[in-house]
Amino acid sequence: MTTSSKKTANSMWGGRFAMAPDAIMEEINASIGFDQRLAVQDIRGSKAHAAMLVDVGILTRQDVDAISQGLDEIETEIAAGDFPFSRTLEDIHMNIEARLREKIGDAAGRLHTARSRNDQVATDFKLWVRDRLDDVDGALKGLIAAFLDQAERGADVVMPGFTHLQTAQPVTWGHHMMAYVEMFARDLSRFADARARMNESPLGAAALAGTGFPIDREQTAKALGFDRPAANSLDAVSDRDFALEFLSAASICATHLSRLSEELVIWSSAQFDFVRLSDKFTTGSSIMPQKRNPDAAELCRAKVGRIMGSMVGLLTVMKGLPLAYSKDMQEDKEPVFDAADSLGLALSAMTGMVQDMEPNIEKLRDAAGHGYSTATDLADWLVRELNMPFRDAHHVTGSLVKMAEDKGVALEALSLEDMQSVEAKISAAVFDVLSVESSTRSRTSYGGTAPDRVREQIKRWRAML
């Protein structure tokens, strides 16, 4: 190998290495295939760093103007798909720096003054995750708004409420929709908490110990929208909590999406027929012309596996690493990229499904009365009107349910004489509480399923959002 070829092969590592990397080493070491997604954030960080270097007198204005113009041109090239990415340059940081040198010459080499790839990649990655947190915030608010619309339209629609997937008590469609508002609102707050906690700038931590140059870390932190610079340089380059916290919140959110997806799959089946999903989110069968498959819901249900797998994978990478930076941490980005893509797609698909789905009001109302769903209302009436201890009322109601089962009729179809054969004090007024509509209207406790309570919660959430 000639001296010039050695220099070309090892320009990223300086004079320390005399031989070019083996092809296998290049294959395992290169990250440009995936970390090019950090290009926009890398350029933002470099511009902020360069602006600070000139303000504190480390670089000249002439150099920084050239650097800024060159970075603008590179950003345009990347956006247009014209940037010449190179695997031999290993990662996005060196690709951009090498291209900048081609454009502006030696001034490009001065950009890396008072920083390391360690704090550079930590900064880029934080900025990327923070951007995705902002995307998720908007997507979740859109999904919540879709549920609020469904809840408002169905505040009076009666449906069965389930425990163990067995009919339990009547609830309203609006109440069921609002349950998901609460779930996804907690996701919203988890992502917001993660964003607030991660919003410290690693830039200026350098390799691990800080730098002897008189840099202004407050300036770069502010320029990049961070609340403050990270207080410990070792931690700043070692920290991937922000990625893990994003994956944790994403896993919980995906679990909620999966639970909702499961309900949509069940509800849209011919056996339930509770809801109709639009043609935009269902598919047919290649052999069975009658089929209407809830594929979008099924795929959303599956996404939790990928997202949770990403979290477990990164936890496993990080669990045994000493301070500060180790090359293992190059494995942090792909799982986060994949999880962010999966979550964003699932949220968009679910929002569309919720916006378009149509509840089968008659079927829901009919199913709400199955399984003796107003038995608890009967027990409550016995307590309220006859001053009966609840345990005794529970026993009496169970006997009446058994009688109705034996007769093959609904609870409200029992005659007054039938009921009085079990408890003589029961009066005809009991029939006022045995309809599913009466049952839902009676659940007026805070957070209950009564239509008026549902509308109160809808109003509260619309104001909050």
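Only a predicted model underlies this, so the values are computations on that prediction, with no experimental measurement involved.

A.B. asks: It is not clear to me how the overall build of the protein chain should be interpreted in this structure. Could you clarify?
C.D. replies: A count of helices and strands for the protein chain gives 20 helices and 6 strands. Radius of gyration (C-alpha) of the protein chain: 31 Å, far over the 23 Å computed for a compact globule of 465 residues. In terms of overall dimensions, the protein chain has a C-alpha envelope of 105 × 55 × 40 Å along the principal axes. A buried classification covers 47% of the 465 residues belonging to the protein chain. A fraction of 73% describes how many contacts in the protein chain between residues 6 or more apart in sequence connect residues 24 or more apart. A total of about 22300 Å² of accessible surface is found on the protein chain, and carbon and sulfur atoms cover 52% of it. Across the protein chain, the centroid of the 52 positively charged side chains sits 2 Å from that of the 68 negatively charged ones.

A.B. asks: Would you take a moment to explain unusual backbone geometry for this structure?
C.D. replies: What is expected of a backbone is that most residues other than glycine have negative phi and most peptide bonds are trans. The linkage connecting Leu323 with the following residue, Ala324, adopts the cis geometry, with an omega of 5°. The topology assignment puts Ala324 in the loop between α13 (295-318) and α14 (333-356). Of note in the backbone geometry, Glu90 takes a positive phi value of approximately 80° without being a glycine. Inspection of the secondary structure assignment puts Glu90 in the loop between α5 (61-80) and α6 (92-104). Classification of Glu90 as buried rests on a relative accessible area of 4%. Residue His164 is not a glycine yet carries a positive backbone phi of 55°. Residue His164 is classed as exposed on the basis of its relative accessible area of 74%.

Here is what the cut-offs are and how they apply
Along each chain, numbering runs from 1 in the same order as the chain's sequence is written. Given that the model is predicted, a residue must reach a pLDDT of at least 70 before its local features are reported, and side-chain atom pairs must reach 80 or more before they are shown or counted; all residues, however, enter totals for whole chains, interfaces and linings. Excluding hydrogens and water, the side-chain values take into account all heavy atoms of the structure. Think of it this way: any DSSP run of H or I at least four residues long counts as a helix, any run of E at least two long counts as a strand, and we number them from the N terminus. Each radius of gyration reported is based on C-alpha atoms, and the globular scaling rule is 2.2 Å times the count of residues to the power 0.38. The buried label goes to any residue with under 20% of its type's maximum accessible area, the exposed label to any with over 50%, and the partly exposed label to all in between, with areas taken from a 1.4 Å probe on protein chains only. Whether two residues are in contact is decided by their heavy atoms: any pair within 4.5 Å suffices. Calculation of accessible area relied on Shrake-Rupley with a 1.4 Å probe; when residues are assessed, cover is drawn exclusively from the protein chains displayed. Charge counting treats Lys and Arg as positive and Asp and Glu as negative, with His and both chain ends excluded. Where a charge lies is defined by one atom per residue type: Lys uses NZ, Arg uses CZ, Asp uses CG and Glu uses CD.

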